[in-house]
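Residue-level listing of the chains:
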Amino acid sequence: MTNTRGPKEFTDVFYSLQNWRSIFERFDRDRSGKFDASELRDALLSLGYAVSPTVLDLLVSKFDKTGGKSIECCLTVKGLTEKFKEKDTAFSGSATFTYEAFMLTVLPFLIA
């Protein structure tokens, strides 16, 4: 079975990317074309993702090496958060993963 996308999926992706781009432009206050730590923290907070200073530093370190791909960074945080929420069914802020499940959750975001 092939995985095909139709016009609706394309439209959804297009509008989602437009939304991410507008968020980027709003929080790239110095117009540098990439987020510094403060801009990234504020952008993530506006999206509902409150990451710790340690996680923020790791994100800046990883994505700054890739040319400041801030939209990619935000999408990674969004995707990982959604995967975490699948396991945190009680919305407690903690979840239990087997090693295999953890690797299958995280590796696609690291390899992409």
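Before reading further, recall that the structure is shown in the block above.
Residues numbered from 1 in each chain as written. Predicted model: local features only at pLDDT ≥ 70, side-chain atom pairs only at ≥ 80, totals over all residues. Heavy atoms only, no water.

(A) Quick peek at the overall build of the chain. The helix and strand inventory of the chain stands at five helices and zero strands. Across the chain, helices and strands are ordered from the amino to the carboxyl terminus as α-α-α-α-α. Of all 112 residues assigned to the chain, the portion counted as buried reaches 21%. Across the chain, every contact between residues at least 6 apart in sequence was considered, and the portion connecting residues at least 24 apart equals 39%. Looking at the chain as shown, the accessible area adds up to about 8,100 Å², and 60% of this sits on carbon and sulfur atoms. (Helix = DSSP H or I, 4+ residues; strand = E, 2+ residues; numbered from the N terminus. Buried < 20%, exposed > 50% of the residue type's maximum accessible area, 1.4 Å probe, protein only. Contact = heavy atoms within 4.5 Å. Areas by Shrake-Rupley, 256 points an atom, 1.4 Å probe, with all protein chains shown as cover.)

(B) Region of interest: the nonpolar core. Core analysis: the largest hydrophobic core is formed by 15 residues, its most contacted members being F35, L40, L44, L59 and C74. For this core, the secondary structure elements donating two or more residues are α1 (7-27), α2 (37-46), α3 (53-64) and α4 (70-87). The element contributing the most residues to this core is α1, with four residues. Among residues more than four places away in sequence, those in contact with L44 are Y49, V51, L59, C74 and V77. (Core = buried A, V, L, I, M, F, W, Y, C linked by side-chain atoms within 4.5 Å.)

(C) Inspection of α2 at higher detail. If you check which residues of α2 are buried, you get E39, L40, A43 and L44. Down the axis of α2, the buried set is contained in an arc of 130°. They therefore lie on one face. Where α2 begins, one side-chain oxygen reaches toward the backbone nitrogen of S38, 3.1 Å away; that side chain belongs to D36. Once α2 ends, the next one or two residues include G48, with phi positive near 95°. (Arc of directions from axis to C-beta. Polar contact = N/O pair within 3.5 Å; in protein donor to acceptor, adjacent residues only side chain to side chain.)

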